[in-house]
Amino acid sequence: MPHTGYGQNAGFTASGRPLRNRRGGGADRLALIIHTLADIAAIFLGLWILLYLLDANQSNVFVDFVHGVADWLAGWSQDIFTMDTEGLRVFFNHALPAVIYLAVGHGVAAWIRRL
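Quick caveat: nothing in here was measured; it's all calculated off a predicted structure.

Engineer: Before we move on, could you go through the overall build of the protein chain and cite the residues and values that matter?
Structural biologist: The number of helices and strands found in the protein chain is three helices and zero strands. Listed N to C, the secondary structure of the protein chain is α-α-α in terms of helices and strands. Within the protein chain, the fraction of its 115 residues that count as buried is 26%. The long-range share in the protein chain, meaning contacts at least 24 apart out of those at least 6 apart in sequence, stands at 50%. Of the accessible surface of the protein chain, which amounts to about 7900 Å², a share of 65% is contributed by carbon and sulfur atoms.

Engineer: With reference to specific residues and values, describe the nonpolar core.
Structural biologist: Judged by nonpolar contacts, the single largest core of 14 residues is most densely connected at Leu 45, Trp 48, Leu 51, Val 63 and Leu 73. Mapped onto this core, the elements with two or more residues apiece are helix H1 (22-53), helix H2 (61-73) and helix H3 (86-114). Discounting residues that sit within four places of it in the chain, Leu 73 has contacts with Ala 41, Phe 44, Leu 45, Pro 97 and Tyr 101.

Engineer: Describe the confidence of the model for the protein chain, naming the residues involved and giving the relevant values.
Structural biologist: Here the protein chain averages 86 in pLDDT, and 79% of its residues register 70 or above. Taken element by element, the protein chain is modelled with least confidence in H1, mean pLDDT 91, and with most confidence in H2, mean pLDDT 97.

What counts, and where the lines are drawn
- Residues numbered from 1 in each chain as written.
- Predicted model: local features only at pLDDT ≥ 70, side-chain atom pairs only at ≥ 80, totals over all residues.
- Heavy atoms only, no water.
- Helix = DSSP H or I, 4+ residues; strand = E, 2+ residues; numbered from the N terminus.
- Buried < 20%, exposed > 50% of the residue type's maximum accessible area, 1.4 Å probe, protein only.
- Contact = heavy atoms within 4.5 Å.
- Areas by Shrake-Rupley, 256 points an atom, 1.4 Å probe, with all protein chains shown as cover.
- Core = buried A, V, L, I, M, F, W, Y, C linked by side-chain atoms within 4.5 Å.
- pLDDT = per-residue confidence, 0-100.

Okay, here's the thing in structure tokens:
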């Protein structure tokens, strides 16, 4: 480890990695927020697919809430796939945005962490 003059481990973590400056910490927080939002969006979309395919009670408050959030998140991708089978249509029209949110969210978060 380089000698900093302020003690044996000044400027380094216990594992020997250099400490980040304040700007790096803010970038890490922003990356974590973006990463988490992408995960939450994908979870809602995946949960709606699961609830739909398991024929959950559509009049249940929780199911209705998940359906509303998933439809809002997937609004831009509705009817991209127009299969005759309703289950496949719901799956693909909600799985596509889930995958895109994960890919873009995680990619942007990784890019921000590298800055």
